[in-house]
Amino acid sequence: MSRIAYVNGRYVQHADAAVHIEDRGYQFADGVYEVCEVRHGMIVDLTRHLDRLGRSLSELSIDWPMTRQALTLVIRQVLRRNGVTNGMFYMQVTRGVAKRDHAYPVQAIKPSIVITAKNTDRNAIDKKNADGIRAITLPDNRWDRVDIKTVGLLPNAMARQAAREAGAQEAIYVDAAGHVTEGAATNVWMVGQDGVLRTRPAEHGILRGITRTTLLDVAAREGIEIREEQFTVEDMLNAREVFITAATSICFPVVSINGKTIGNGHPGLVSKQIREAFFDIAEKTLI
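Cut-offs applied
- Residues numbered from 1 in each chain as written.
- Predicted model: local features only at pLDDT ≥ 70, side-chain atom pairs only at ≥ 80, totals over all residues.
- Heavy atoms only, no water.
- Phe/Tyr/Trp six-rings, centres within 6.5 Å; stacked < 30°, edge-to-face > 60°.
- Lys NZ or Arg CZ within 6 Å of the ring centre and 35° of its normal.
- Helix = DSSP H or I, 4+ residues; strand = E, 2+ residues; numbered from the N terminus.
- Salt bridge = Lys/Arg side-chain N within 4 Å of Asp/Glu carboxyl O.
- Buried < 20%, exposed > 50% of the residue type's maximum accessible area, 1.4 Å probe, protein only.

**Quick look at the packing of aromatic side chains**
Under the criterion given, the structure shown has 3 aromatic pairs. When the ring centre of Tyr11 is taken as origin, the NZ or CZ atom of Arg81, which lies over that ring, is 3.9 Å away. One cation-aromatic arrangement involves Arg95 over Tyr104; the distance from NZ or CZ to the ring centre is 3.4 Å.

Encoded structure:
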């Protein structure tokens, strides 16, 4: 089956999909995006993803490209046309096409929207869950509004490249005070020696991840004590467990950071418990 993309009102062959060279997403990273997991033919946490999309659009004063109801129908159609039952979809909305000028266009322009979808390799994901992943830490050099899920991801891309060159799979950002913020494309969690699960508060310095939000529900349902509070790199290195969360991976255990073994060097029980309970508790929308 050839891949199909949705681009500004048309379903087109993925290989032929294109946007205008003066789209402000291309020129200025003037746009936002969402990535959402699909599992067993159901979209995971769609309502929360659309809610966050709405917030990101509002923060940048970009209009919705269509109603939420229409957008949901298009998402379902893209997934169906691509035969995705276990995978993800990517949705990007930019301010639209306008003559290049840093300030927003004076005249109203129509937002641009692109949606793609693909199946993912469950075996590769299962292997990372079974073996754990490695991470490095880096100074957080991003702009202050990381709470907006914008397409301006160059620092994140550079961080992931640094991780790859170090033989790791994720880079974890650290702020100027020495506190962990988040991963290049993930939220970060730790289980301290006291058995308490901790993650940084989402009021400032991190993106309020949808998987992160649902995981809070999962932890509460499973009776896991959890605190939203800052922690340092030293706290993380001395933790029983460290794991990262994201929509496409749910929960990957981290077994090594900067070459130092975390806990006993194997995936921990808390991340396993959360991962196994996650899908039962998350919202599920039939394709």
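**Some details on unusual backbone geometry**
Even without being a glycine, Asn8 presents a positive backbone phi close to 50°. Tracing the sequence through the fold places Asn8 in the loop between strand S1 (4–7) and strand S2 (10–13). Phi is positive for Asp45, close to 60°, though the residue is something other than glycine. Among the secondary structure elements, Asp45 is positioned in the loop between strand S4 (42–44) and helix H2 (46–59).

**A short note on the pattern of salt bridges**
A full pass over the atoms with the stated rule returns 20 salt bridges. Between Arg200 and Asp175 there is a salt bridge; the shortest N-O distance is 3.1 Å. You can see Arg200 sitting in the loop between strand S11 (197–199) and helix H6 (210–222) and its partner Asp175 sitting in the loop between strand S8 (170–174) and strand S9 (180–183), a full 25 residues away along the chain. Between Arg212 and Glu228 there is a salt bridge, with its nearest N and O atoms 2.6 Å apart. In this pair, Arg212 is assigned in helix H6 and Glu228 in strand S12 (residues 226–228), connecting sequence segments 16 residues apart. The buried category is assigned to Arg212, whose relative accessible area is 0%. By relative accessible area, which is 42% here, Glu228 ends up partly exposed.

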